[in-house]
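Chain residues, written in single-letter form:
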Amino acid sequence: MIYLGSQKKSLEEYSPKVICWLKIKVKGRRTKRNPNGHKCLNSECEFCNSKMQKKGGLDENFRELLNNDSIVAGLIQGDPKKIFDINCSLVKDYTKGIEKNTQKYFEKLKKFNDEAKSLFVESGYTKWFLKTKQNYTLATKLSRDTCTYCNRQYIFTLKKNGENSGMVPQFDHWFPKGTYPLLALSFYNLIPSCSICNGSSIKGENPLNLKDHFHPYVDEEISDLFQFSFFKKSLRENIIQIKQSPFNPKIKRTADELQTELLYKG
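Residues numbered from 1 in each chain as written. Predicted model: local features only at pLDDT ≥ 70, side-chain atom pairs only at ≥ 80, totals over all residues. Heavy atoms only, no water.

A. Representation of the overall build of the protein. Secondary structure assignment for the protein yields nine helices and six strands. By the compact-globule yardstick of 18 Å for 266 residues, the protein fits well, its C-alpha radius of gyration being 20 Å. C-alpha atoms of the protein, sized along the principal axes, occupy 75 × 55 × 25 Å. The burial tally for the protein puts 45% of its 266 residues in the buried class. The long-range fraction of contacts in the protein, counting pairs at least 24 apart against all pairs at least 6 apart in sequence, stands at 65%. (Helix = DSSP H or I, 4+ residues; strand = E, 2+ residues; numbered from the N terminus. Rg over C-alpha atoms; globule rule 2.2 N^0.38 Å. Buried < 20%, exposed > 50% of the residue type's maximum accessible area, 1.4 Å probe, protein only. Contact = heavy atoms within 4.5 Å.)

B. Layout of the side chain of Lys-55. Inspection of the secondary structure puts Lys-55 in the loop between helix H1 (8–27) and helix H2 (60–65). For the buried Lys-55, no salt bridge is present, and the opposite-charge side chain at shortest range is Glu-122, 5.8 Å distant. Within the structure, Lys-55 has its side chain in polar contact with the side chain of Ser-123 (distance 3.0 Å). Discounting chain neighbours no more than four positions away, the residues touching Lys-55 are Lys-25, Arg-63, Ser-118, Leu-119 and Ser-123. (Lys, Arg positive; Asp, Glu negative; His and termini not counted. Salt bridge = Lys/Arg side-chain N within 4 Å of Asp/Glu carboxyl O. Polar contact = N/O pair within 3.5 Å; in protein donor to acceptor, adjacent residues only side chain to side chain.)

C. Inspection of unusual backbone geometry at higher detail. Unlike most non-glycine residues, Gln-7 shows phi in positive territory, near 50 degrees. Relative to the helices and strands, Gln-7 resides in the segment before H1. A positive phi angle, near 55 degrees, is found at Ser-143, a position not held by glycine. Examined against the element boundaries, Ser-143 turns out to sit in the loop between helix H6 (134–142) and strand S1 (158–159). Relative accessible area serves as the criterion here: at 51%, Ser-143 is assigned to the exposed category.

D. Region of interest: the layout of surface pockets. Within this model, the largest pocket holds a volume of roughly 270 Å³. Going through the elements one at a time, helix H4 (80–94) and helix H5 (103–130) are the ones with two or more residues in the lining of the largest pocket. For the lining of the largest pocket, the element with the highest residue contribution is H4, accounting for five residues. Broken down by class, the residue content of the lining of the largest pocket amounts to seven nonpolar, four polar and three charged. (1 Å grid on protein atoms, 1.4 Å probe; cavity = no way out; pocket = protein on both sides within 12 Å on 5 of 7 lines; lining within 4 Å. Points joined across faces, edges and corners; volume = space filled by probe spheres on them. Nonpolar A, V, L, I, M, F, W, Y, C, P; charged D, E, K, R; others polar.)

E. Spotlight on the environment of Thr-137. Locating Thr-137 in the fold gives a position in helix H6. Residue Thr-137 is classed as partly exposed on the basis of its relative accessible area of 34%. Through-space distance from the C-alpha of Thr-137 to that of Ile-98 is 42 Å; in sequence the pair is 39 residues apart.

F. Region of interest: the environment of Tyr-180. Structurally, Tyr-180 can be placed in the loop between strand S3 (170–173) and strand S4 (190–193). Along the primary structure Tyr-180 and Phe-120 are separated by 60 residues, whereas in three dimensions their C-alpha atoms are 9.9 Å apart. Once you skip the residues sitting within four places of it in the chain, Tyr-180 turns out to touch Phe-84, Asn-87 and Phe-175.

G. Layout of H4. Over its 15 residues, H4 extends 21 Å from the first C-alpha to the last, a length consistent with the 21 Å expected when each residue adds 1.5 Å. When H4 is considered as a whole, its buried residues turn out to be Pro-80, Ile-83, Ile-86, Asn-87, Leu-90, Val-91 and Tyr-94. End-on, the buried residues of H4 take up no more than an arc of 135 degrees, which puts them together on one face. Exposed residues pointing more than 90 degrees away from the buried face of H4 are listed as Lys-81 and Lys-92. Where H4 is buried, its residues contact H2, helix H3 (69–77) and H5. The N-terminus of H4 is capped by Asp-79, whose side-chain oxygen sits 3.2 Å from the backbone nitrogen of Lys-81. (Expected span 1.5 Å × (residues − 1). Arc of directions from axis to C-beta.)

H. Examining H5 more closely. Its 28 residues give H5 an end-to-end C-alpha distance of only 36 Å, which falls more than 12% under 40 Å, the value for a rise of 1.5 Å per residue. Most pronounced at Gly-124, the bend in H5 amounts to some 40 degrees. Listed as buried for H5 are Tyr-105, Phe-112, Glu-115, Ala-116, Leu-119, Phe-120, Val-121, Ser-123, Gly-124, Tyr-125, Trp-128 and Phe-129. (Bend = angle between axes of the 7 residues up to and from the residue.)

I. Expanded view of the packing of aromatic side chains. Taken as a whole, this structure holds 19 aromatic pairs when the rule is applied. Members of the aromatic cluster, joined through ring pairs, are Tyr-14, Tyr-125, Phe-129, Phe-171, Phe-187, Tyr-188 and Tyr-217. The ring of Tyr-94 carries the charged tip of Lys-108 above its face, separated from the ring centre by 4.5 Å. (Phe/Tyr/Trp six-rings, centres within 6.5 Å; stacked < 30°, edge-to-face > 60°. Lys NZ or Arg CZ within 6 Å of the ring centre and 35° of its normal.)

J. Layout of the nonpolar core. One finds Phe-62, Phe-120 and Leu-185 to be the most contacted residues of the largest nonpolar core, which totals 70 residues. If we skip the residues at most four places from it in the chain, Leu-185 touches Tyr-14, Val-18, Trp-21, Ile-76, Phe-120, Gly-124, Tyr-125, Trp-128, Phe-129 and Leu-190. (Core = buried A, V, L, I, M, F, W, Y, C linked by side-chain atoms within 4.5 Å.)

Shown next, in the form of structure tokens:
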């Protein structure tokens, strides 16, 4: 795994447009008919100057949770701990007054995640981030040449001449968007990766957490701690060893979840 740094410049370019997109989806654009809608201070904002409407069909209790500018900003540009804490806080608010671990609680939790999936995953990540090629823009700014997780596959960004498509890394959600759909557009939850390490195959929906696993936007030491060696078992087979000096249990947990030894053996 590779430490990605704070990527402040990329964050500063990514977050304002995502925040505007999200606020308009929640509150609509500010107009005479909708004085409580959103309009930013950027006179050239592509969303505030568009005809985009707020998203219909959302549960109003869920919508109200996002009717807070600091919450929206925190979700998009907060560090991994902050976005996780915001997710937990909003779940708590949405299920307030319902006893935990009861059927009613899990039904309410499912409703929360369904609403978040509709807004953040389906409308946001799939229909906006991917279909409008925001993935190309972000990948270009992050300028990664190899997969953040395995450092063995090229993931550089290329566009065909005269076309708006080409080669682009996949973005893995470190907090899986299936479990945490609210975090599907969060900057520090989008990890440039190869198709093998992305959620569809190796990592999947494995429950990574900040206490037990390394995060490429948090742990500066990972590039030094994640080292490996090998020795020959036979002409056709190598034994891969993740080196741990000094010993750190997070190294093994993270390597196990990402199947690092398996990938390097291959």
